[in-house]
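# Architecture and fold: a report
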Amino acid sequence: MPSEKSPLKGGAKNGGSSAETLISKATAKAAGLGFSNLAREAMTSENLEQVSKVAADRVDEISKSLMNGTTPIRVMAMIGGIAVTFFAGTGILAAIFSFNLSRMVIEIYTLMFGLAMILMESQFVKVPADVMDKLYKYCLFLKFIWGRGGLYLITGSLQAAQGGIFNFVVGFYVMFVGTLYTFVGRASAKKLSELKHCIFSEEALKSKFKKFDKDNSGAISLEEFGELVSSLDLHMTKREMEGIFFHLDTNDDDKLEYDEFVQWWSNFDASASV
């Protein structure tokens, strides 16, 4: 009898193992099919279209927040210029003490670009006109918003390439400002064309200007310029308005004089860059 029961026990045991194996395989297969079905359902054209729409809306939302930012773009650039100048200066000292000639050369270039940023964007310290004239004479592209954006992108990349967390953060911040300048320049160029076509004669231009020159100083501020633009039913973001004002203010005194406005209106070229 024992010899008869032993095979039965062994057989039962082996049979149990086989059953468990079959159940495990069946469960795994079902789970695999379930995952496949779930993946197929998730990858349907409707779902993909919905995901694309959400992503596009998010990008549009981010773009609008950048273009409607409350911090003036020139202040952002000024902060970046100060940070670049400080860290490039300390980098030059470090390169001198470590006898690293190649790094010192790069830091000197970065320092020069940082100082140029401060000169161009300074709103608190009046930079002599002859200094700015010389800067624009040899670097004419800096008179355009897109030109400054390009310079800031290069400056930021040089700063970030020096290594270290602070250089990395400052570098990417300046590159962000440069990218923002580029977008503002492109958007402002289109809006300038619209502004031109809303003013039909020099008499209308003068009338509009006087209406919003509240203190009769012969010049209007950025806020007053915004009111003028709104009166023409032109829809602009804060960045676009700031970019246009910045472009028309040729003497960089943060005031748009009537002569500057007339000069732009008379010589406007729809294909010109900003």
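Residues numbered from 1 in each chain as written. Predicted model: local features only at pLDDT ≥ 70, side-chain atom pairs only at ≥ 80, totals over all residues. Heavy atoms only, no water.

### Quick look at the overall build of the protein chain
What counts here: Helix numbering and strand numbering both begin at the N terminus, where a helix is a DSSP run of H or I of at least 4 residues and a strand a DSSP run of E of at least 2. Residue burial is assigned from relative accessible area. The probe radius is 1.4 Å, only protein chains are included, and a residue is buried under 20% of its type maximum, exposed over 50%, and partly exposed in between. When checking whether two residues touch, look at their non-hydrogen atoms; a contact exists if any pair is within 4.5 Å. With residues, only the protein chains shown are counted as cover, and all accessible areas are computed by Shrake-Rupley using a 1.4 Å probe.
For the protein chain, the count of helices and strands is eleven helices and two strands. Helices and strands appear in the protein chain in the N-to-C order α-α-α-α-α-α-α-α-β-α-α-β-α. Taking all 274 residues of the protein chain together, 34% fall into the buried category. In the protein chain, of all internal contacts separated by at least 6 residues, the share reaching a separation of at least 24 is 68%. Surface summary for the protein chain: the accessible area is close to 16700 Å², and the carbon and sulfur share equals 65%.

### Description of the nonpolar core
For the record, the criterion: Residues belong to one nonpolar core when they are buried, are Ala, Val, Leu, Ile, Met, Phe, Trp, Tyr or Cys, and are joined through side-chain atoms within 4.5 Å.
Counting residues in hydrophobic clusters, the biggest one holds 21 residues, and the most contacted among them are Leu 195, Phe 225, Leu 248, Leu 256 and Phe 261. For this core, the secondary structure elements donating two or more residues are α8 (202-212), α9 (222-231), α10 (238-248) and α11 (258-267). Per-element tally for this core: the top contributor is α11, with five residues. In terms of nonpolar packing, the next biggest core, distinct from the first, is built from 20 residues, Ala 77, Leu 142, Tyr 152 and Tyr 181 among them.

### Overview of the confidence of the model for the protein chain
The condition that has to hold: The pLDDT value expresses, per residue, how confident the predictor is, ranging between 0 and 100.
Considering every residue of the protein chain, the mean pLDDT works out to 74; 66% of them sit at 70 or more. Here residues 1-15 scores under 50 on pLDDT; set against residues more than four positions off or in separate chains, the count is zero contacts. Across residues 62-70, where pLDDT falls below 50, the model places 15 contacts with residues more than four positions away in sequence or in other chains.

### Examining unusual backbone geometry
Its identity is not glycine, yet Phe 99 carries a phi of approximately 55°, on the positive side. As for its placement among the helices and strands, Phe 99 is situated in the loop between α3 (73-97) and α4 (101-121). Residue Phe 99 is classed as exposed on the basis of its relative accessible area of 76%. Here the phi dihedral of Asn 216 falls at roughly 55°; this positive angle occurs in a residue that is not glycine. As for its placement among the helices and strands, Asn 216 is situated in the loop between α8 and β1 (219-220). Residue classification places Asn 216 among the exposed residues on the basis of a relative accessible area of 66%.

### Let's talk about the packing of aromatic side chains
The test is simple: Only the six-membered ring of Trp is used, alongside the rings of Phe and Tyr, when aromatic pairs are assigned; centres must lie within 6.5 Å, and planes under 30 degrees apart are stacked while those over 60 apart are edge-to-face, with the rest tilted.
Overall, the coordinates contain six aromatic pairs when judged by the stated rule. Seen in terms of ring centroids, Phe 87 and Phe 166 are 6.0 Å apart; in terms of plane orientation they differ by 15°. Their pairing is stacked. Of this pair, Phe 87 sits in helix α3 while Phe 166 sits in helix α7 (residues 165-198), and the two are 79 residues apart along the sequence. Relative to Tyr 181, the ring of Tyr 152 has its centre 5.2 Å away and its plane inclined at 80°; by these criteria the two rings are edge-to-face.

### Some words on α10
Of all eleven residues in α10, nine are buried; the element is thus mostly enclosed. Every buried residue of α10 is listed here: Arg 239, Glu 240, Met 241, Glu 242, Gly 243, Ile 244, Phe 245, Phe 246 and Leu 248.

### A short note on the environment of Phe 141
Counting through the fold element by element, Phe 141 comes out in the loop between α5 (129-138) and α6 (145-160). Overall, the relative accessible area of 36% leaves Phe 141 in the partly exposed class. In this structure, the C-alpha to C-alpha distance between Phe 141 and Leu 151, residues ten residues apart in sequence, is 9.3 Å. Ignoring any residue separated from it by four or fewer positions in sequence, one finds Phe 141 in contact with Trp 146, Gly 147, Arg 148 and Leu 151.

### Side note on α4
Under the convention used in this document: For a helix, the expected span equals 1.5 Å multiplied by the residue count minus one.
An ideal rise of 1.5 Å per residue puts 30 Å on 21 residues; α4 measures up with 30 Å between its terminal C-alpha atoms. Residues Glu 107, Thr 110, Gly 114, Ala 116, Met 117, Met 120 and Glu 121 constitute the buried set of α4.

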